[in-house]
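Inside the fold
One-letter residues, chain by chain:
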Amino acid sequence: MAPVVGQAVPRVDGPAKASGSARYVDDLTRPGMLFGATLRSPVPRGRLLGVDRDPSFDWSGVTVVTAADVPVNVVATIERDQPVLAAGEVRHVAEPIALVACEDRLRLERALAHLTPRIEPLPAVLTIGEALEARTAIHGADNVMKRYAITKGRGRDGLTGCEVVVTGRYETGAQEHVYIEPQGMLAWWEGDDAHVVGSLQCPYYVQKGIKTVFGLADDGVDVTQATTGGGFGGKEEYPTVVALHALLLARKSGRPVKLVYGRKEDVEATTKRHPSVVEITTGCDRDGTFRAFAARVVFDGGAYVTLTPVVLSRGALHATGPYRWDDVSVEALAVATNTPPNGAFRGFGAPQTQWAVERHVDRIARTLDLDPLDLRLRNLLRSGDTTATGQLLAESVGAQRCADEATWASGYRNRRGAGPVVAGRTARGVGVACFWHGAGFTGSGERYLKGRVAVDLLPGGQARIRTASTDIGQGTETVFRQIAADALGVPMASVDFAIPSTRVVPDSGPTVASRTVMVVGSIVEAAARELAERVGREAERSGSTRAEAHERLAGTPALATCEKQYEPPPGLAWDDATYTGDAYPVFGWGCDVAEVEVDLDTFETKVTGFWTAVDVGRAIHPVLCAGQVEGGTLQAIGWALTEKLVTRGGKVLNPRMTDYIVPTSLDAPPFTTLLVEEPYSRGPGGGAKGVGELPMDGGAPAIAAAVEHATSLVLDRLPLLPEDLFEASGAARSGGGPA
Amino acid sequence: MRIVLTVNGAVREVDVAPVARLLDVIRETLGLTGTKEGCGEGECGACTVLLDGTPVNSCLVAAAQCAGRSVVTVEGLGSAERLSALQEELVSHGGAQCGICTPGVLVSAAALLSRGGVPTDAEVREALAGNICRCTGYQKIVDGVRAAAVRNAAAARGAS
Ligand code: FES
Ligand code: FES
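What you are looking at is a predicted structure, and each value in this text was computed from that prediction instead of being measured.

Take the overall build of chain B next. Assigned secondary structure in chain B consists of five helices and five strands. Reading the secondary structure of chain B in the N-to-C direction produces β-β-α-β-β-β-α-α-α-α. Against the globule reference of 15 Å for 160 residues, chain B gives a C-alpha radius of gyration of 16 Å, in line with a compact fold. In terms of its C-alpha atoms, chain B occupies a principal-axis envelope of roughly 45 × 40 × 25 Å. Here chain B, with 160 residues, has 54% of them falling under the buried criterion. For chain B, the share of sequence-separated contacts (at least 6 apart) that also reach a separation of at least 24 residues comes to 55%. Carbon and sulfur atoms form 51% of the exposed surface of chain B, whose accessible area is close to 6,100 Å². Measuring between centres, the 14 positive side-chain charges of chain B sit 4 Å from its 16 negative side-chain charges.

Here it is in structure tokens:
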């Protein structure tokens, strides 16, 4: 059997998606189904005194749910601070207060308009600065949700005595996921059993949330994924809220309820990428050799803790960039504000800190008058180096190769050497960024998680993969089939992928953290291999063909299934107390080169070329893998140039696709994507590492560097809107220069 | 009110409210759920259909205006079992990931390809400027559409 790993086989879900027959949650109905909607807080903080129903409205056939109807009013994530529906207080604009459902959507809207929350407003904390000042305390006395410290060598003291010390401050704004399919769930009850089907990344997160609120056992809950129209982290934790709301309405009305968000509601209410402020001071030798790194990282967690501690941790662990430092001190904290909880978004904290460190490396280059690429090449991590947490990088370190390939393919050195090209009113420049991304859960995460996968032998030479890892567009269904087919030694068409449903698939852990292919894929591979061995042994024992042996095993329930649990690589050691050790099993590496054109009259920036080289270990499916890289990069480009969430008084002023601008086909550059393969010895399919988040890390700093090359304007705050460039140019002209 | 229109080549008579959007008539009355709603405001293009051959955002079109006209949705381009060259090439080039934008992208691209010839990258990007895709980065969509144009052109040559 010719191997299918490494081949661009046809995407399994392609025909259904290309013909319109794939069913997303909004395409589903159930008999007697009602539509649901959510009443939300108009203010960022206040005492919730009650919810008034207009007595003149005809409420017949309308179901209303408030906090009083919620058995256990908690959205179970890391902390238990977030209510399913606000009770007694509201902590952010758009916080859910009550739910309504009825059969007719027009009446539903009217009913919602006749429901009014009675709120006594309280002073709110809306920015990182206000939170740190702590004049108003909304979380403990100091508004700090979580802190981490990472120290290597002499820590901050390492700066003393360095030949060149450079300091900078870098900021990023919120980013909205804009998955093109908004959040949605369809829920119903069968007796005491809760059923939901919908748009989600992590079936078992939703299951846990439902069990907590309704006091159900595992088998009393059925969570099934519908075809999901994009997630990018936005459907990691939030779908639990939507599922709970739909179930509450279904329970009270006794009918199935579909709750699908409109775009505006989705932008106003759901999670965003954490805004950040990062201050960095570094010391290096005059020749550019990096010595000491000290940073203070602050993330805006929003009104409830949700996943913020984990996002902050990943941000802190990537703060040094893919570079060697003798001494490191990273102090990271997340603060609470009265804004919707910020949450998971592709990259999970790492894009923010890598924006900072990459801009900072450019600042060092400027200070030393060195070429930014040369400075990077001198300091990039290599095999045998140790990271800030003391992790020894033993294998699969493709940082250097990525830098070589991206800069060579793009002609970076020639373009850079030639200087910015100014023609009429446009200035053209190129910039480079290097980055890394830890694959899999941080620290001991995978050890606690114990992800499981089952593979079944079925009659007729067939096999089936059962996993909770969802395909939300990345191509999991296809790639897992490739891995299993090769391990089983059967054609790919003989391998099925069970629809992720908590009653059918074991808990493989969430679909997050670039862990699907590398971690869960390796469990798929191990289970499939074990079955292949069983078939081989059975064939040998009975003197039959493998096909006959397969059929015999498939007919023997005790032997037909292999369920395996993730085995963390031996020797990985992580200490949560000191934040030292092996932060990740392995890292993905990358280098981006961006070419931009800046209109010197309007200060608009257009990305005209983009070259990216990423070390993915092994590309199981080169086309899908490159698709992850390009899509992730374009999200980084949007974050860099157009995606600005404008708020006033805690309210989003641009909650629509008209004014929250994501890139169109005309804004996107042509991509040259280079897949570098430095195999990881424990990765499936011959060495695959995670790829999902890596491409989010390099785009923004590469673009800022290119803008700087084109215009000499130094920008350290994202996004880089025309007005920001204009302002910077004014400062530069008036002699102030970049701070 | 009752209107008669042609949908994917078949004559359909439907009862529509005066304010009903074409999108809802297609999805709910006719049960053709391939056409998607991503924003409801004419910004994302997920709801694109052909109205008398021209791509429109069906979330902005009143169904009542479509009496006597011809509508083509993604279902009209080819079924899962019999994909058109365009559908096939888009998929094999990696132009569909989550797939929620795909029906709209395909409909816009079908309008472009119906003009014949092989469009340039820039022409494809122009034709798809109203179809937002958050997953792919567009390069693979552009490659898929152009590959389909090449295939169609070759087929047309073979046929003539
Ligand atoms: S739903 Fe019609 S353009 Fe977005
Ligand atoms: S494939 Fe997901 S939005 Fe285009």
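Once you've had a look at it, read on.
With 51 residues of chain A in contact, the opposing surface of chain B contributes 43 residues. With both chains or domains summed, chain A and chain B bury close to 3,700 Å², and 56% of this area falls on carbon and sulfur atoms. Salt-bridge contacts for K140 of chain B lead to E630 of chain A; the nearest nitrogen and oxygen are separated by 3.4 Å. Those elements giving two or more residues to the side of chain A that touches chain B turn out to be α1 (14-19) and α17 (622-641) of chain A. Partitioning the side of chain A that touches chain B into residue classes produces 22 nonpolar, 17 polar and 12 charged.

Moving on to the sheet that holds strand β2 (residues 10-15) of chain B. Residues and elements named next belong to chain B. Pairing within the open sheet is mixed, and its five strands lie in the order β2-β1-β5-β3-β4. Strands at the two margins of the open sheet, each flanked by one partner only, are β2 and β4 (54-57). Taken over all neighbouring pairs, the strand axes of this sheet differ in orientation by 40° on average, direction set aside. Here strand β1 (residues 2-7) runs beside β2; their pairing, made up of six bridges, is antiparallel. Looking at β2, one finds that V7 is bridged to A10. Where helix α3 (residues 102-113) meets the sheet, it contacts β3 (48-51) and β4, and its direction lies at approximately 35° from that of β3.

All names here are of chain A. Reading across the sheet, the five strands line up as β16-β17-β24-β25-β28 and stay open at both edges, with mixed pairing between neighbours. Here the strands that pair on one side only, and so sit at the sheet edges, are β16 (421-423) and β28 (671-676). The mean inter-strand angle of the sheet, taken between neighbouring strand axes irrespective of direction, is 20°. The pairing of β16 with strand β17 (residues 426-439) spans three bridges and is classified as antiparallel. Of the residues in β17, the one forming a bridge with V422 is A427.

Residues and elements named next belong to chain B. Once the domains are mapped, chain B shows domain 1 (2-76) and domain 2 (85-159). Here domain 1 and domain 2 have C-alpha centroids that lie 21 Å from each other. At the junction of the two partners, domain 1 supplies 13 residues and domain 2 supplies 11 residues. Of the roughly 870 Å² buried between domain 1 and domain 2, counting both surfaces, carbon and sulfur atoms make up 66%. In this structure, the connection of domain 1 to domain 2 is made through zero salt bridges. For the interface between domain 1 and domain 2, the tally reads four residue pairs in polar contact (both at pLDDT 80 or more). Among the elements that make up the side of domain 1 that touches domain 2, the one with the highest residue count is β3 (three residues). Here the side of domain 1 that touches domain 2 is composed, by residue class, of six nonpolar, five polar and two charged.

Turning our attention to the side chain of N654 of chain A. Residues and elements named next belong to chain A. With respect to the helices and strands, the residue N654 is situated in the loop between β27 (651-652) and β28. Relative accessible area serves as the criterion here: at 4%, N654 is assigned to the buried category. Engagement of the side chain of N654 in a polar contact is seen with the backbone oxygen of K644, the distance being 2.7 Å. Not counting residues within four places of it along the chain, the set of residues in contact with N654 comprises V267, K644, L645, V646, D659 and Y660.

Bringing the domain arrangement of chain A into the picture now. Residue and element names in this part refer to chain A. With domains assigned, chain A is organised as domain 1 (33-122 + 183-260), domain 2 (276-442 + 581-733) and domain 3 (444-565). Each of domain 1 and domain 3 was reduced to a C-alpha centroid, and the two centroids are 35 Å apart. Across the boundary between the two partners, domain 1 contributes 21 residues, which contact 15 residues of domain 3. Carbon and sulfur atoms make up 53% of the area that domain 1 and domain 3 hide from each other, which totals about 1,400 Å². The largest per-residue losses of area from domain 1 upon contact with domain 3 belong to Q201, Y204 and Q225, which jointly make up 44% of the total buried on that side. Along the contact surface separating domain 1 from domain 3 lie one salt bridge. For R503, the salt bridge identified is with D193, shortest N-O distance 2.9 Å. At the surface where domain 1 touches domain 3, the tally comes to 12 residue pairs in polar contact (both at pLDDT 80 or more). For the side of domain 1 that touches domain 3, the elements supplying multiple residues, two or more each, are β10 (193-198), α4 (203-214) and β11 (221-225).

One pair of aromatic rings is described through two measures. These are the centre distance and the angle between the planes. Residue and element names in this part refer to chain A. Scanning the entire structure with this criterion turns up 15 aromatic pairs over all chains. When the centroid spacing of 4.9 Å and the interplanar angle of 70° are considered together, the rings of F57 and W59 count as edge-to-face. The pair F57 / W59 is uniform in exposure class, with both members buried. The interplanar angle of 80° and the centroid separation of 5.0 Å between the aromatic rings of W189 and F214 together place this pair among those described as edge-to-face. With W189 in strand β9 (residues 184-190) and F214 in helix α4, the pair connects residues that are 25 residues apart, well separated along the chain. These aromatic residues form a ring-pair network of at least three members: F290, F293, Y323 and W325. The lysine or arginine in question, R53, covers the ring of W59, its NZ or CZ lying 5.8 Å from the ring centre. Directly above the ring of F35 sits R105, whose terminal nitrogen or CZ lies 4.3 Å from the centroid.

Moving on: the pattern of salt bridges. Residue and element names in this part refer to chain A. Enumeration over the complete set of coordinates arrives at 68 salt bridges over all chains. Put simply, D218 and K211 hold a salt bridge, and the shortest N to O gap is 2.4 Å. Relative accessible area serves as the criterion here: at 25%, K211 is assigned to the partly exposed category. Across the pair D362 and R376 runs a salt bridge whose closest N-O atoms are separated by 2.9 Å. Of the two residues, D362 sits in helix α8 (residues 350-368) while R376 sits in helix α9 (residues 372-379), which places them 14 residues apart along the sequence. Under the relative-accessibility criterion, D362 is labelled buried at 5%. One salt-bridge network, in which partners are shared between bridges, spans E358, R359, D362, R363, R366, R376, E708 and D716.

With that settled, the discussion passes to the packing of α8 of chain A against α9 of chain A. Residue and element names in this part refer to chain A. Running from amino to carboxyl end, α8 crosses α9 at an angle of 110°, the nearest separation of the two axes being 9 Å. Here α9 runs roughly perpendicular to α8, going by the angle between their axes. Considering the relative orientation of α8 and α9, their crossing is right-handed. Here E358, V361, D362, I364 and A365 of α8 come into contact with α9, specifically with P372, L375 and R376. Looking at the contact of α8 with α9 residue by residue, the class counts come to five nonpolar, no polar and three charged.

Reading the values: the criteria
- Counting of residues starts from 1 at the beginning of each chain's written sequence and follows it residue by residue.
- Naming scheme: in the order in which they are written, chains are lettered from A and ligands are numbered from 1.
- Where local features are concerned, this predicted model is filtered to residues with pLDDT of at least 70; where side-chain atom pairs are given and counted, the filter is 80 or more; whole-chain, interface and lining totals use all residues.
- Side-chain measures were taken over the full set of non-hydrogen atoms in the model, leaving aside hydrogen atoms and water.
- Segments assigned H or I by DSSP are reported as helices when at least four residues long, segments assigned E as strands when at least two residues long, and all are numbered from the N terminus.
- The size measure is the radius of gyration over C-alpha atoms, and the globule rule it meets is 2.2 Å times the number of residues to the 0.38 power.
- The buried label goes to any residue with under 20% of its type's maximum accessible area, the exposed label to any with over 50%, and the partly exposed label to all in between, with areas taken from a 1.4 Å probe on protein chains only.
- Contact definition: two residues touch when any of their heavy atoms are within 4.5 Å.
- All accessibility values rest on the Shrake-Rupley procedure with a 1.4 Å probe; residue burial counts only the protein chains present in the view.
- Lys and Arg are tallied as positive, Asp and Glu as negative. Neither His nor the chain termini are counted.
- To locate a charge, take atom NZ for lysine, CZ for arginine, CG for aspartate or CD for glutamate.
- The buried area of a pairing is the accessible area, by a 1.4 Å probe, that goes missing from both parts when the two are put together, added over both.
- By definition here, a salt bridge exists when the distance from a side-chain nitrogen of Lys or Arg to a carboxyl oxygen of Asp or Glu is within 4 Å.
- The classification used treats Ala, Val, Leu, Ile, Met, Phe, Trp, Tyr, Cys and Pro as nonpolar, Asp, Glu, Lys and Arg as charged, and all other residues, Gly among them, as polar.
- The rule for pairing is simple: two strands pair if DSSP sees at least two bridges between them.
- Axis definition: a line fit to C-alpha positions, over the contact stretch in the case of helices; interaxial angles, taken between N-to-C directions, run 0 to 180 degrees.
- Domain ranges listed in this record stem from an automatic or a database domain assignment.
- In protein, a polar contact requires one atom able to donate a hydrogen and another able to accept it; more generally it is a pair of N or O atoms within 3.5 Å, and residues adjacent in sequence count only if both atoms are side-chain atoms.
- Side-chain rings of Phe, Tyr and Trp (the six-membered ring for Trp) are treated as a pair once their centres are within 6.5 Å; stacked means planes under 30 degrees apart, edge-to-face means over 60, and tilted covers the remaining angles.
- A ring is scored as having a charge over it whenever the NZ atom of a lysine or the CZ atom of an arginine sits within 6 Å of its centre and within 35 degrees of its normal.
- Throughout this description, any angle smaller than 35 degrees is read as roughly parallel, any larger than 145 degrees as roughly antiparallel, any in the 65 to 115 degree range as roughly perpendicular, and the remainder as oblique.
- Each crossing is labelled by how the near helix is turned from the far one, with a counterclockwise turn of less than a right angle marking it left-handed and a clockwise turn marking it right-handed.

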